[in-house]
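# Descriptive structure summary
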Amino acid sequence: GPWLALIGTCMLLFLGSGWWTIMWPFENEFTLPICFGMGALLALERRDSRGDVVACLLLALAVISGSLGISFVAAAFVELLLNRRERGWHRAYVFAIPLLVYVAWYAGWGHKAVHHLTGKNILTSPAYVVEGLGLSLNAILGLGGVPHEAVPASPWGPSLFVGAVALLVVGQRLRPGFSKGFWIAATAGISFWLLAAVNYIPGREPSSTRYIYAGAFFTLLIVAELLRNWPFSRKGLLIAAGVAVLTIGPNLAQMKEGSDFMQEQSVLARSDLAALEIARDTVAPEFSLAPPEIAGTALLSPITAGRYFEAVDRWGSPAYSRAGLEAAPEVGRHWADVVLSQALPIGHETSPGFPAQLPDGKKCAILAPGKAALKQVPIEPGATATVEVAPGEPAVLAMRRFTAAEFPVALGSVEGGTTTTLTIPRDRAPNPWFIHIEVAQLARVCV
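Below you will find a few notes about this structure.

### Some words on the pairing of strand E4 (residues 384–389)
Burial analysis of E4 places 5 of its 6 residues in the buried class, which makes it a mostly covered element. As paired strands, E4 and strand E7 (residues 418–423) are joined by 6 bridges and run antiparallel to one another. Bridged to Val389 within E7 is Thr418. In this sheet, strand E9 (residues 443–446) lies alongside E4 in antiparallel orientation, the contact comprising 4 bridges. Counted as the bridge partner of Glu388 is Arg444 from E9.

Printed below as a string of structure tokens:
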């Protein structure tokens, strides 16, 4: 009935462990096949020729949108088998045409991808299915964690799977038999987990948030079919709604934490890309934002400077403007400084010697002995500067530009009685750099 359908829909809509798939448009590789596949199953329930045509079209769109669509093609095949006596074999086109579309794609492009079909993956696939179902129940009930890539291991998963099997056995004793819709939904869900299992590599665990989302969808579909012939009184509906509210609460909290994570990633992306654009005149085309120690995030790993600038020239920039970067949250300005230092890049070379006299023709800032957190000297872009440290203890050098509360660009430690030459290429921003010297003895910075 509609009230149970509403409860199930809300559980999926606010699936906290699936926030990555819900919030990130890239994951439409999962959401679009589910959308088209669900539409195809609804069209098949019409049990007429028009519904078959619509289902065929939607299944084709599902497999074009992502390989998850294959699970719905498998479900359509089972629907044909279950209804072959009443409706005949001539309806085979419903699943055959989408399957041919997928095969054509595979022949043209899909075979070029790296595949991971191994004997080990095949042998362990039943365990993958069991774990996937348990984790899906775990997520629906709000017992999962807040994954950035995968749901943390939960002790509830195996127990929930065993409990679900026990409820299924009890339900069959009270009302024996399964509807045709159950076998269709079960085929879609189990084929999804099996296909994921045989192509498993690290990062494609059943606890991966994208698989959690799809698994929760198929689990709810299976549960809906199991409850299809069970009458629910008003009291029963109120109890089901109360359980849903209790599960949606922690799921909402997970979605909020996921939202905070994605907002921070947006700040990092716009800041790092702004730094790339500021350094555009000197950055190497192959410079990459892949290392997290440079970008502050692993999510920018596909980006190299040359290809990024090609995209900017064609479609425009998603980065902060210079004014936007200056006003960005501190975490963004921190990593923008790090990216800039590597992209320009800032060069530094240390050699022995501390000139007794101030060099002629240079402007020097003399730093009195003693350590001070804000001891800093501005250096204009395009300048060459020397950091001269008197004999004594080692000095620690660091720099900043857009950030204000720290010096995120670590230049390392230099020995006393040395001179370090800094080369700072000119770029597209007038903001000065600031160098910080943590040193116990006399030091000076000359430009």
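Picking up after the structure, the text goes on.
### Considerations on the state of the cysteines
Counted under the stated rule, the structure contains 1 disulfide. With its sulfur 2.0 Å from that of its partner, Cys364 forms a disulfide with Cys446. An S-S torsion of about 110° defines the bridge between Cys364 and Cys446 as right-handed. Taken together, the positions of Cys364 in strand E2 (residues 364–367) and Cys446 in strand E9 put the pair 82 residues apart, joining distant regions of the chain. Exposure remark for Cys364: the relative accessible area of 27% places this residue in the partly exposed category.

### So, a nonpolar patch on the surface
The grouping of Val170, Leu174, Val223, Leu227, Trp230 and Phe232 at the surface amounts to a nonpolar patch, some 490 Å² of accessible area in total. With respect to the helices and strands, the residue Val223 is situated in helix H12 (residues 209–226).

### Observations regarding the nonpolar core
With 53 residues, the main nonpolar core has Leu15, Phe192 and Phe218 as its most contacted residues. Of all the elements, H12 adds the most residues to this core, at 10 residues. Dropping the residues within four chain positions of it, Phe218 is found in contact with Leu68, Ser71, Phe72, Ala188, Gly189 and Phe192. In terms of nonpolar packing, the next biggest core, distinct from the first, is built from 52 residues, Tyr308, Ala336, Leu340 and Ala385 among them.

### Some thoughts on the sheet that holds strand E1 (residues 347–352)
One open sheet accounts for 5 strands, arranged E1-E7-E4-E9-E2; its pairing is antiparallel. In this open sheet, the two edge strands, each paired with only one partner strand, are E1 and E2. With direction set aside, neighbouring strand axes in the sheet form an average angle of 15°.

### Some words on the environment of Phe232
You can see Phe232 is positioned in the loop between H12 and helix H13 (234–278). Along the primary structure Phe232 and Leu4 are separated by 228 residues, whereas in three dimensions their C-alpha atoms are 8.9 Å apart. When sequence neighbours within four positions are dropped, the list of residues in contact with Phe232 reads Leu4, Leu227 and Leu237.

### Points about the side chain of Glu388
Positionally, Glu388 belongs in strand E4. Within the local environment of Glu388, its side chain forms a polar contact with the side chain of Thr386, the two groups lying 3.3 Å apart. Side-chain polar atoms of Glu388 contact the side chain of Arg444, separated by 2.4 Å.

### Re helix H5 (residues 69–82)
Taking 1.5 Å of rise per residue, 14 residues should cover 20 Å, and H5 covers 20 Å from first to last C-alpha, within 8% of that figure. The buried fraction of H5 is high, at 10 of 14 residues. Restricting attention to buried positions, one finds in H5 the residues Gly69, Ile70, Ser71, Phe72, Val73, Ala75, Ala76, Val78, Glu79 and Leu80. Buried residues belonging to H5 abut helix H3 (28–44), helix H4 (49–65), helix H6 (84–87), helix H7 (93–108), helix H11 (180–198) and H12.

Cut-offs applied
Residues numbered from 1 in each chain as written. Predicted model: local features only at pLDDT ≥ 70, side-chain atom pairs only at ≥ 80, totals over all residues. Heavy atoms only, no water. Buried < 20%, exposed > 50% of the residue type's maximum accessible area, 1.4 Å probe, protein only. Helix = DSSP H or I, 4+ residues; strand = E, 2+ residues; numbered from the N terminus. Pairing = 2+ DSSP bridges. Disulfide = S-S within 2.5 Å. Patch = residues over 30% accessible without salt bridge, like charges linked within 9 Å, V, L, I, M, F, W, Y side chains within 5 Å. Areas by Shrake-Rupley, 256 points an atom, 1.4 Å probe, with all protein chains shown as cover. Salt bridge = Lys/Arg side-chain N within 4 Å of Asp/Glu carboxyl O. Core = buried A, V, L, I, M, F, W, Y, C linked by side-chain atoms within 4.5 Å. Contact = heavy atoms within 4.5 Å. Axes fitted to C-alpha atoms, helices over the stretch in contact; angles between N-to-C directions. Polar contact = N/O pair within 3.5 Å; in protein donor to acceptor, adjacent residues only side chain to side chain. Expected span 1.5 Å × (residues − 1).

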